[in-house]
Amino acid sequence: FVGRYMAIQQQGETPQNYDFWCAMWLLGTLLGRDVIVPRPYAPVHLNWYVVLVANSGITRKSTAVNYAKRLLQDYQDPAIALFDARSSAEGIEHTLAELTALHSRSHLAINVSELVRFLGKEQHTMNVPGLLTDLYDCPSYRTNTTMSRGREVMRDVYVTFLSASTPVWLQKAVTPDVIEGGFTSRVLFIMSDRRKRRVAWAAKPPSD
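All figures in this text were calculated on a predicted structure; none of them were measured in a lab. Throughout this document, residue positions are counted from 1 along each chain, in the order its sequence is written. Local features are withheld for residues below a pLDDT of 70 in this predicted model, meaning they are given only at 70 or higher, and side-chain atom pairs are given and counted only at 80 or more; totals for whole chains, interfaces and linings count all residues. Side-chain metrics rest on all non-hydrogen atoms present in the structure, leaving aside hydrogens and water.

Draft legend 1. Structural detail: the environment of Arg-142. What counts as a helix is a DSSP run of H or I of at least four residues, what counts as a strand is a run of E of at least two, and both are numbered from the N terminus. Within the secondary structure, Arg-142 sits in strand E6 (residues 141-146). Residue contacts are counted whenever heavy atoms from the two residues lie within 4.5 Å of one another. Setting aside residues no more than four positions away along its own chain, Arg-142 makes contact with Glu-93, Leu-131, Asp-134, Leu-135, Glu-152, Val-153 and Met-154.

Structure, rendered in structure tokens:
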């Protein structure tokens, strides 16, 4: 799968390390919670948190992120919820609870082409990094209680995350909680300063 993904992207502009890690994010998203690396006493799930990093307009970060999203949408698995815009921590937990009610598991893919849209300093996004840090370990059971909806149950949680950012935004705009809370230690930051080629009139990559 990874080889075919990268072959399809070979004629595009996105750097090869972007292509590889977008393929790994998509593969981990589709394989789900039951596929693990069987490390003794601490099995590792494949729920990648990946952020592509480069200055604006150089490496086609959004192109890479959006192509992975397009393939996931084409897959059309109703048990996998897709977030492609900003959300609050409460909204994420409510979605996971709804997935549990419908499918007995909570499988969420977050794909946002601009990290600032999802982890900014707005009040409603302040708790998102802490929540994603907590969910990274794929808890088998989690509860949440809200004033409006009462107690919500989330089972077999599995969350993946793919986004993109500029170095300047990471340095200046990310709330310190993102660093201090351990979120960044769970993220793979994929750096590149050049695209694989320049294409004046790019063709749309196939989806098969």
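Draft legend 2. Fine view of the pattern of salt bridges. Only one rule defines a salt bridge in this text: a Lys or Arg side-chain nitrogen within 4 Å of an Asp or Glu carboxyl oxygen. Per the stated rule, a full pass over the model turns up eight salt bridges. Of the charged contacts in the structure, one is a salt bridge between Asp-84 and Lys-69, with a shortest N-O distance of 3.5 Å. One end of the pair, Asp-84, is in the loop between strand E4 (80-83) and helix H4 (89-103); the other, Lys-69, is in helix H3 (residues 61-75), and 15 residues separate them in sequence. Counted as one network, the salt bridges with shared partners bring together Glu-13, Arg-60 and Arg-195.

Draft legend 3. Spatial organisation of the packing of aromatic side chains. In summary, the pairing rule links any two rings of Phe, Tyr or Trp, Trp by its six-membered ring, whose centres are within 6.5 Å, and it sorts them by plane angle into stacked for under 30 degrees, edge-to-face for over 60 and tilted for everything else. In total, this model carries nine aromatic pairs according to the counting rule given. Both rings, one in Phe-1 and one in Tyr-5, keep their centres 6.1 Å apart while their planes meet at 45°; by these two values the pair is tilted. Note on classification: 1.4 Å probe, protein chains only; a residue is buried when its accessible area is under 20% of the maximum for its type, exposed when over 50%, partly exposed between these limits. The exposure class of Tyr-5 is buried, given its relative accessible area of 3%. Plain terms: the ring middles of Phe-20 and Trp-21 are 5.2 Å apart, the flat faces sit at 85° to each other, and that makes the pair edge-to-face. Judged by its relative accessible area of 30%, Phe-20 is partly exposed. Site record: aromatic cluster; members linked through ring pairs are Tyr-49, Phe-118, Tyr-136, Phe-161 and Phe-183.

Draft legend 4. Highlighting the packing of helix H2 (residues 16-31) against H3. Simply put, an axis is a line fit to the C-alpha atoms, just over the touching stretch for a helix, and the angle between two N-to-C directions goes from 0 to 180 degrees. It is the contact of H2 with H3, at a shortest axis distance of 10 Å, that shows an interaxial angle of 25°. Taken together, the axes of H2 and H3 lie roughly parallel to each other. Handedness of the crossing formed by H2 with H3: right-handed. Packed against H2, whose contacting residues are Tyr-18, Cys-22, Trp-25, Leu-26, Thr-29 and Leu-30, the element H3 presents Lys-61, Ala-64, Val-65, Ala-68, Leu-71, Leu-72 and Tyr-75 at the interface. Charged means Asp, Glu, Lys or Arg here, nonpolar means Ala, Val, Leu, Ile, Met, Phe, Trp, Tyr, Cys or Pro, and polar covers whatever is left, Gly included. Looking at the contact of H2 with H3 residue by residue, the class counts come to eleven nonpolar, one polar and one charged. Small angles under 35 degrees read as roughly parallel and large ones over 145 as roughly antiparallel, with 65 to 115 read as roughly perpendicular and the rest as oblique. Take the far helix as your reference; a near helix turned counterclockwise from it by less than a right angle gives a left-handed crossing, and one turned clockwise gives a right-handed crossing.

Draft legend 5. Fine view of the nonpolar core. Think of a nonpolar core as a cluster: buried Ala, Val, Leu, Ile, Met, Phe, Trp, Tyr and Cys residues, connected wherever their side-chain atoms sit within 4.5 Å. Residues Ile-92, Leu-96, Ile-110, Phe-118, Leu-132, Val-159 and Phe-161 are the most contacted members of the largest nonpolar core, which totals 27 residues. Of all the elements, H4 adds the most residues to this core, at five residues. Beyond its immediate sequence surroundings of up to four residues, Ile-110 is in contact with Trp-25, Phe-83, Phe-118, Leu-132, Val-159, Thr-160, Phe-161 and Leu-162. Within the second largest apolar cluster, 23 residues are counted, among which are Tyr-18, Ala-23, Trp-25 and Ile-80.

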